[in-house]
Amino acid sequence: MRFLKKALVASAFAVTAIVMSASAYAADVKIGFVVKQPEEPWFQDEWKFADQAAKEKGFTLVKIGAEDGEKLMSAIDNLGAQGVQGFVVCTPDVKLGPGIVAKAAANNLKLMTVDDRLVGADGKPLEDVPHMGISATKIGEAVGQAIVDEMKARGWNADEVGAIRVSYDQLPTAVDRVEGAISVLKKNGFKASNIFDAPQAKTDTEAALNAATVVLNAHPNIKKWVAFGLNDEAALGAVRASESVGIPATNMIGVGIGGADSAINEFKKPQPTGFVGSVIISPKRHGYETSLNMYGWIADNKEPEKLILTSGSLAKRDDYQKVRKDLGLE
Ligand code: GLA
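Parameters at a glance
- Residues numbered from 1 in each chain as written.
- Predicted model: local features only at pLDDT ≥ 70, side-chain atom pairs only at ≥ 80, totals over all residues.
- Heavy atoms only, no water.
- pLDDT = per-residue confidence, 0-100.
- Contact = heavy atoms within 4.5 Å.
- Axes fitted to C-alpha atoms, helices over the stretch in contact; angles between N-to-C directions.
- Helix = DSSP H or I, 4+ residues; strand = E, 2+ residues; numbered from the N terminus.
- Parallel < 35°, antiparallel > 145°, perpendicular 65-115°, else oblique.
- Left-handed = near helix turned anticlockwise from the far one by under 90°.
- Nonpolar A, V, L, I, M, F, W, Y, C, P; charged D, E, K, R; others polar.
- Phe/Tyr/Trp six-rings, centres within 6.5 Å; stacked < 30°, edge-to-face > 60°.
- Buried < 20%, exposed > 50% of the residue type's maximum accessible area, 1.4 Å probe, protein only.
- Lys NZ or Arg CZ within 6 Å of the ring centre and 35° of its normal.

**Student:** Can you tell me about the confidence of the model for the protein, naming the residues and giving the values?
**Tutor:** This prediction gives the protein a mean pLDDT of 93; 92% of its residues lie at or above 70. Segment residues 12-24: pLDDT under 50, and zero contacts once partners within four positions in sequence are set aside and those in other chains are kept.

**Student:** Any chance you could break down the packing of helix α2 (residues 41-57) against helix α10 (residues 283-300) for me, citing the residues and the numbers?
**Tutor:** Put simply, α2 and α10 touch, their axes get as near as 7 Å, and they point 40° apart. Classified by the interaxial angle, the pair formed by α2 and α10 is oblique. Between α2 and α10 lies a crossing of right-handed hand. Note on element contacts: α10 touches α2 through P283, K284, H286, G287, Y288, S291, L292 and Y295, opposite W42, D45, E46, F49, A50, Q52, A53, E56 and K57. Split by residue class, the contact of α2 with α10 holds eight nonpolar, four polar and five charged.

**Student:** Describe in detail the packing of aromatic side chains, supporting the description with residues and values.
**Tutor:** Inspection of every chain in the model, using the stated rule, returns four aromatic pairs. Ring geometry for F196 versus W225: centroids 5.9 Å apart, planes at 55°, classification tilted. With F196 in strand β7 (residues 195-199) and W225 in strand β8 (residues 224-228), this residue pair connects regions lying 29 residues apart in the sequence. W225 matches F196 in its accessibility class, with the two residues each being buried. A cation over an aromatic ring shows up here: K284 above the ring of Y288, its NZ or CZ 5.5 Å from the ring centre.

This is the structure in structure tokens:
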């Protein structure tokens, strides 16, 4: 009898000890989430969903904005010094790839990228680093299709329309997105000579506005325009540029990618602007799921898949609420 009691007590202790060590371990997990443009609504949303994962699993999330390479390198050291075990990053410059990998290793940090995939000296993706990004070409095609559909609805003839390709060609996903859009425009009768490159210095609205203004001023004879780029900010910048040179909303069709506040606020305006639609992508998957992936890697030694590609859905002024709801974003 005594023996049995002892054994029972001992096993009860063992169970408590296991439970305690598991929860103590969750509390010990610290994950970094570093983004290139912390003020952009897309990245705010990624952080919001990463916070949700942290709350659910009980790990600590360390959020850092790193707008350039120098800030990113010191952010990684900072994470190491804080006892973080791994981090998710959207880098300000994909060409820093090998440097980021080395810096992470030196700090003993697991590394996963989101949105922008690291490249090596040869320009090829670093396939060993787990990555979650959007299906860039497909989503670009959806942008092109939305533009073509709107042109048809307005009865436009492709020959009299100019296209602004707001570009950021140092970023492969940006190239894939705009080239996806262009392939659909061309299939629908757009001449290559009517498509104008507007290189932006940064990936925000102001830089896109400046780049698009140059194109519009160079072609005052063209009265109808379409515009697209890497994200909502690119398309919005082009729309703001068209407004500033006096092109009416009825002569402008801009379609973005993202679907965060930048786009939604535009849809909420009382009068429609030239910003016609946005292909909504999922900040929930990019923020919540990458954080969970990193958590699983640290806590359970389960390495994330090397490449995860996410999809998008077109939303316009009249249906964005429904599309957001269907995507679990409301
Ligand atoms: C890039 C862009 C962001 C957003 C993400 C989505 O990082 O700069 O605006 O579109 O891709 O993956």
